[in-house]
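Single-letter residue listing:
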Amino acid sequence: MRGYEAFADAVKRLDLLPIFGNPGTTELTSLKGVDDYVLTHFDGLSVGMADGLSQFTFSPHLVNLHTVLGLGNSMAYIHSAKMNYSPVVVTVGQQDLRHISMEPLLSGDILGLVGNSVKFKYELKNSSEISSVLRRAKSEALTPPIGPVLLSLPMNIMDEESTYRPPEPVRVSYDVQNDEAAERVSELIKQSRNPALVFGWEIDLFDAFKEAERVAEKLGCPVYGEPLTHRSPFDSTNRMFGGNLLPGSTLINLKLLQNDLVVFIGGDVLLYPYLPSPLLEGKKVVFVGLNFSPKFGDFYRANVKYFLRELEGKITKKGSFSRAADFQTTTKIANEKERMGITYVMSKVKKQFSDYVIVDEAISSSTVLRDVLGYAPRKYFFNKSGQLGWGSPAAAGISMKSGKVLAIIGEGSFMYSLQILWTVKRYNLPVKFLILRNGGYSILKSYSLSYSPGVEKKDYLSFYLPTERFAESFGIESMVADKELESLKWLSEGNESRLLVVDVDRTIPKLFL
Amino acid sequence: MKFLTVLPEFIPSASVSDTINQILPEMKIVNDLNFEKNDADVLVATTFTRLGRDELKKFPNLKYVQIASTGYDNVDIPYLKEKGITLCNIPVANKQSVAEHVITFMLVFLKDMIFLNSELKEKKNWPLLTGSRDLEGKTVGILGMGMIGVQLARRLISFGPSILYYDVKRLSTADEEMLGLNYVPFDDLLTNSDIVSVHMPLTPQTRGIFNEENFSKMKDGAIFINTSRGEIVDEKALINAVKRKGMKAGIDVYAKEPPDFDSELFKLENVICSPHIAGVTVESQQRFLTETISNVLRYAQGIDPLYRVEF
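Quick caveat, the model's predicted, so the values are computed rather than measured. (Residues numbered from 1 in each chain as written. Chains lettered and ligands numbered in written order. Predicted model: local features only at pLDDT ≥ 70, side-chain atom pairs only at ≥ 80, totals over all residues.)

Q: If you had to explain the overall build of chain B to someone new, which residues and values would you point to?
A: From N to C terminus, chain B includes 11 helices and 12 strands. Across its three principal directions, the C-alpha atoms of chain B cover 65 × 50 × 35 Å. Expressed as a percentage of the 311 residues in chain B, the buried residues total 37%. (Helix = DSSP H or I, 4+ residues; strand = E, 2+ residues; numbered from the N terminus. Buried ≥ 20, exposed ≤ 12 C-beta atoms within 10 Å, placed from the backbone.)

Q: I'd like a description of the sheet that holds strand 11 (residues 284-289) of chain A, backed by residues and values.
A: Residue and element names in this part refer to chain A. If you trace the 6 strands from one edge of the open sheet to the other, you get 9-8-7-10-11-12, paired in parallel fashion. On the outer flanks of this sheet lie strand 9 (241-244) and strand 12 (298-301), each paired with one strand and no other. Taken over all neighbouring pairs, the strand axes of this sheet differ in orientation by 20° on average, direction set aside. (Pairing = 2+ DSSP bridges. Axes fitted to C-alpha atoms, helices over the stretch in contact; angles between N-to-C directions.)

Q: Lay out the domain arrangement of chain A in plain terms, naming residues and giving numbers.
A: Residues and elements named next belong to chain A. Annotation of chain A at the domain level lists domain 1 (3-159), domain 2 (179-312) and domain 3 (328-503). Between domain 2 and domain 3, the contact holds 16 residues from the first and 16 residues from the second. Of the residues contributing to the side of domain 2 that touches domain 3, the split by class is 6 nonpolar, 6 polar and 4 charged. (Domains from an automatic or database assignment. Contact = placed C-beta atoms within 7 Å. Nonpolar A, V, L, I, M, F, W, Y, C, P; charged D, E, K, R; others polar.)

Q: Tell me about helix 10 (residues 235-245) of chain B, and please be specific about residues and values.
A: Residues and elements named next belong to chain B. Within helix 10 the residues assigned to the buried category are Glu235, Leu238, Ala241 and Val242. Mapping the buried residues of helix 10 onto a view down its axis gives an arc of 120°, with all of them on the same face. Set apart from the buried face of helix 10 by more than 90 degrees, the exposed residues are Lys243 and Arg244. At its buried positions, helix 10 is contacted by helix 9 (212-217), strand 11 (248-251) and strand 12 (271-273). (Arc of directions from axis to C-beta.)

Q: Give me the interface of chain A and chain B: which residues, what numbers.
A: Between chain A and chain B, the residue contacts involve 14 residues of the former and 14 residues of the latter. Residues of the side of chain A that touches chain B, tallied by class, amount to 8 nonpolar, 4 polar and 2 charged.

Q: Account for the domain arrangement of chain B, with residues named and values stated.
A: For chain B, the assigned domains are domain 1 (3-93 + 281-300) and domain 2 (95-273). Computed from C-alpha coordinates alone, the two centres of domain 1 of chain B and domain 2 of chain B are separated by 33 Å.

Q: So what's going on with the packing of helix 14 (residues 342-352) of chain A against helix 15 (residues 366-373) of chain A? Residues and values would help.
A: Residues and elements named next belong to chain A. At a minimum axis separation of 9 Å, helix 14 and helix 15 run at an interaxial angle of 40°. Classified by the interaxial angle, the pair formed by helix 14 and helix 15 is oblique. As for the relative orientation of helix 14 and helix 15, their crossing is right-handed in sense. In contact with Ile342, Thr343, Met346, Ser347, Val349 and Lys350 of helix 14, helix 15 contributes Val368, Leu369, Val372 and Leu373. Here the residues of the contact of helix 14 with helix 15 are counted per class, giving 7 nonpolar, 2 polar and 1 charged. (Parallel < 35°, antiparallel > 145°, perpendicular 65-115°, else oblique. Left-handed = near helix turned anticlockwise from the far one by under 90°.)

Q: How would you sum up the environment of Leu39(A)? Please name residues and give values.
A: Residues and elements named next belong to chain A. With respect to the element layout, Leu39 can be found in strand 2 (residues 37-39). On a C-alpha basis, the gap between Leu39 and Val424 in space is 9.9 Å, while along the polypeptide they are 385 residues apart. Not counting chain neighbours up to four residues away, the residues in contact with Leu39 comprise Asn22, Thr423 and Arg426.

Q: Kindly report on the environment of Gly389(A), identifying the contributing residues and their values.
A: Residues and elements named next belong to chain A. Tracing the backbone shows Gly389 in the loop between strand 14 (380-382) and helix 16 (391-398). Classification of Gly389 as buried rests on a count of 25 C-beta atoms within 10 Å. Through-space distance from the C-alpha of Gly389 to that of Tyr122 is 28 Å; in sequence the pair is 267 residues apart. Leave out the neighbours within four places in its chain, and Gly389 touches Ser413, Tyr416 and Ser417.

Q: Quick rundown of the nonpolar core? Include the residues and the values.
A: A general tendency of soluble globular proteins is for nonpolar side chains to be buried together. Core analysis: the biggest nonpolar cluster contains 153 residues, and Val90(A), Ala407(A) and Leu434(A) have the highest contact counts within it. Not counting residues within four places of it along the chain, the set of residues in contact with Ala407(A) comprises Val359(A), Gly391(A), Ser392(A), Ala395(A), Val431(A), Phe433(A) and Leu434(A). Residues Val140(B), Met145(B), Leu190(B) and Ala222(B) belong to the second largest nonpolar core, which totals 46 residues. (Core = buried A, V, L, I, M, F, W, Y, C linked by C-beta atoms within 7 Å.)

Q: Could you give me a rundown of the packing of helix 13 (residues 328-336) of chain A against helix 14 of chain A, with the residues and numbers involved?
A: All names here are of chain A. Contact geometry of helix 13 with helix 14 gives a least axis separation of 7 Å together with a crossing angle of 110°. Compared by their axis directions, helix 13 and helix 14 come out roughly perpendicular. Where helix 13 crosses over helix 14, the handedness of that crossing is left-handed. Contacts from Thr329, Lys332, Ile333 and Glu336 of helix 13 reach helix 14 at Thr343, Tyr344 and Ser347. Classifying every residue of the contact of helix 13 with helix 14 gives 2 nonpolar, 3 polar and 2 charged.

Q: Describe the environment of Ala237(B), naming the residues involved and giving the relevant values.
A: Assignment of secondary structure puts Ala237(B) in helix 10. Along the primary structure Ala237(B) and Gly180(B) are separated by 57 residues, whereas in three dimensions their C-alpha atoms are 32 Å apart.

Q: Describe the pairing of strand 1 (residues 3-6) of chain B, naming the residues involved and giving the relevant values.
A: Residues and elements named next belong to chain B. Every second residue of strand 1 is oriented toward a common face, with Phe3 and Thr5 on one face and Leu4 and Val6 on the other, all of them buried. Handedness of the strand 1-helix 1 (residues 13-23)-strand 2 (residues 27-30) crossover: right-handed. Where strand 1 lies against strand 3 (residues 42-45), 4 bridges are found, and the strand directions are parallel. Note that in strand 3 the partner of Thr5 across the bridge is Val44. (Right-handed = clockwise from strand over helix to strand, strands pointing away.)

Q: Tell me what's going on with the confidence of the model for chain B, and back it up with residues and numbers.
A: Averaged over every residue, the pLDDT of chain B is 94; the share at 70 or more is 100%. What the predictor reports for the complex is a pTM of 0.88 with an ipTM of 0.72. (pLDDT = per-residue confidence, 0-100.)

Q: Give me the lowdown on the sheet that holds strand 8 (residues 182-183) of chain B, citing residues and values where you can.
A: All names here are of chain B. Taken in spatial order, the 7 strands of this open sheet run 8-7-6-9-10-11-12, and their pairing is parallel. Each of the sheet's edge strands pairs with one partner strand only, and the pair in question is strand 8 and strand 12. Two strands pair when backbone bridges link them, and strand 7 (residues 162-166) and strand 8 are joined in this way by 2 bridges, in the parallel orientation. Across the sheet, the residue bridging to Leu164 is Asn182, located in strand 8. Across the face of the sheet, helix 4 (residues 95-110) comes into contact with strand 9 (195-198), strand 10 (223-226), strand 11 and strand 12 while running at roughly 155° to strand 10. Helix 6 (residues 147-157) contacts strand 6 (139-143), strand 7 and strand 9 of the sheet and is inclined by roughly 165° relative to strand 6.

Structure, rendered in C-alpha cells:
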C-alpha cells in the first residue's frame, strides 16, 4: 500500500472526513485516494470551516493546506482555533524531501512557521507511520486543553510503499473528577459573605447547563458569563443570569464590587482594552475547569459537569438573587426602530431565528446581540481570538451538520472571507448571512473614542460596501432589508443560502467606558 | 502619578471610597482643601469646591483637573492656562435629565397643573373646565442643537409637535430628517414658536440675548424655558414679558445663584422655578461618576482625556 492510500483509509477510519482545503502541487500526491473534499478558494477558510464544524460536533475535522504558503495564509485561523479550543487536525503538504536541501520552490519550514499555535506538530519520516501519527494527531487534538494540531506530509513519503496497520478508534475520556475541588469551593462559599458565580464556555462543551442552573438556584447568587465567552455559558433565560462580564479590569471590578468571592466555572478572564484597575484585588478568586490555566487565583482541574454535581450536594442558600424583569428593552426597541438600532434589529432576529445556531462576528454589536439573543446549548459561537473573517467560514462549516445556522456579521468583517460564498454555493450549504452594514470599522471607531480620541474621524475607517451585489456575483440570493425587517422572514425561508444586508444605526458609542 | 478627589461633605465619601479602591487604589479622597500643599498630579472635584487661584496654588505638581460636572465656573481658568494644566468637564452625563426637565416645564404649563392642583387641594373645588392643552400640534422652538437639544428633540417627537431649531452650526440634512427638525433663523423661531426652550452656551454673543426686543417677537401667551445659563436672559425683560404678553416661564438658571428671592420673578403665577437642578438626578449623578472615573483612567494610562475644555 502506498502512503496516500494509507492516508485515505486512515482519515476515513478516524472519522476525519471531509477534508477541507485549497490544494497545490505539494498536496496532489496525498489527495490521490481522497474524494470527500470541500474546496475553499482561500486556504484560511478551510481552517475556519473545520473550526466551526469541529466545535459544533465536538469531533475533530481535517484540513489540508498547501505547503508553507497555504499555512501562512491560514495562520490567523489556526491561532483562532487555538483560542477557541477547537480540535482541528491540520495537515500541510511538504516538498519532496529528496531535494529539500536545495530549497526547491514550495518548500519551507512548516513546523517553524506554525510555532506554538498548535499543541502538537510533526513532519512524517516514513510512510508506515501515517496511520499511527494521524491517530495520535486526533487524540492530541481532543486531549485537554483541546486544540489544533499539525502534520507535515512530504510528497515523496506520501507516494512511498508502506506497511499499513489501520488505526484503532480514538477515545479520550473527560471523566476528570476532583473531590478536593468541590470540598474546597463549597467551604469557601460557606465562609463568603457574598459570592458570585461566573460560568464559561466549558458549560456548553460538556453540556452542564442543568447542573449549572441547579447550583445557581440552590445558592441564590448571581451568575455572570465570562468576558467575551465564545460559547454559551448558561441558559440566559434563567433569572439567575445577571449578564456578561465585560473584558476590562475596571469593568469586571465594578460588576463584582459587592462580592468577596468569585468562582469561575468552566471559563477564564479575557481582557481587551488596558485599564489600570488591579483585577479583583482583595477578593478570593477560584477557577474550576479542564482546558485552561488561569492567570491568577486558585485553580482546580475538573470536568465542570461532575464538579457542579458534587458541589450541589455541599452548598446551602447564600442569597436571593433574581434578575429583575426586563421591561426596558421594549422601550428601547420602539426608540431605535426609526434609526435601525441594534436592539431593534436583534429583537426582530430573535423572533424569526429563535431555533437557529448563531455565529456572531458583529464585533461592535456583539454586546447587544448577546443580551438580546441570549445563550442556550450549542446555540452561540464567537471567535475568541479577535480575528475578523472567521465567522463566515465557521458558520458554513456548522451548516454541514445543522440546517439552521445564522451568521451575523459586520460588513467590514464579511469582506475578509468573501470567497466563502463560492464554497457555500458549490456545496449547497444552507447557511444564512445577516450582514449589519454600519459604514465602516465601527469597533475601531468606538475604541478610538474611548482610548485613542481623534482616530475615529480618519477616513480610512469609513467605507461603503455593496455586499448584496458581491453575494449576487457568487450566485447567492441577496437583498437589502426593508425598514420593518419583513425581509428577515425571506432570509429564513428555503434550504439554500441567502444573504440579507441591514443598514443599521451608525451612531458610534464609546467602548465600555 | 498621584490622584486626589475632593468631594463636598454631603456626598457619602465612604461608599465612594469603597468603589474607588477597586478601580484606582492610588486615588485619595478628601472633603476639603484645608491643607497647605498637596503633591497630586491629578485633581478631581465637583462644582461645589471652589478652585480659585489660591486653592490651585496648593498643587505645585498639578497637570490635570477633572470636574465631575458639565459646568466649571468654579475653576480659575487663567491660572490653569498660565500653568499649562489640562481641564476637562463631563458634558455628556446629564443631557437626558435636562431634556426631561424641559418637557416637565412644558407639560405643567400646557396641562394647567398648578391651577388644577390648587383647585382641588387648596380650594376643595371640582373645576369642570380648564385651559389644559395638548403638546401635539404646538410649535416648539429649540435654541441650540447640541447634545441636550438633540435629546429634547428625540423625546418631543412622540408628542407630535412641530419642531423648529436654530444653532450657529446647522445639522446635516440626514440628522434633521431623523430628528424631525426644521432649521429657521433666530427671529423666525421666536415669532413662530408656542414654546421656546433655550440650550445655548453663555458667550459674549448670547449674554442678555433675551432682552425686551427679542421677547417682543415671541407670541403672546408663549412658554419660555431656560435651563442653560441665567445670564442669557435679562430678568427684567422676562418679568415684563410675562406680565404684558401673558407669557409663561419655566426657569432653572439665574444670573446670580442663589438668586434674589425678593425678585418679582418669584411672585409671578405664570413662572415656575427650580434651583439649577435640571441636570441633577440620581441617575445623572451615577453617569457623572462613571464618566469621571473613565476619564481619569484614560489619563492614568497616558491617553488623552475626553471633554478637554479649550482655553
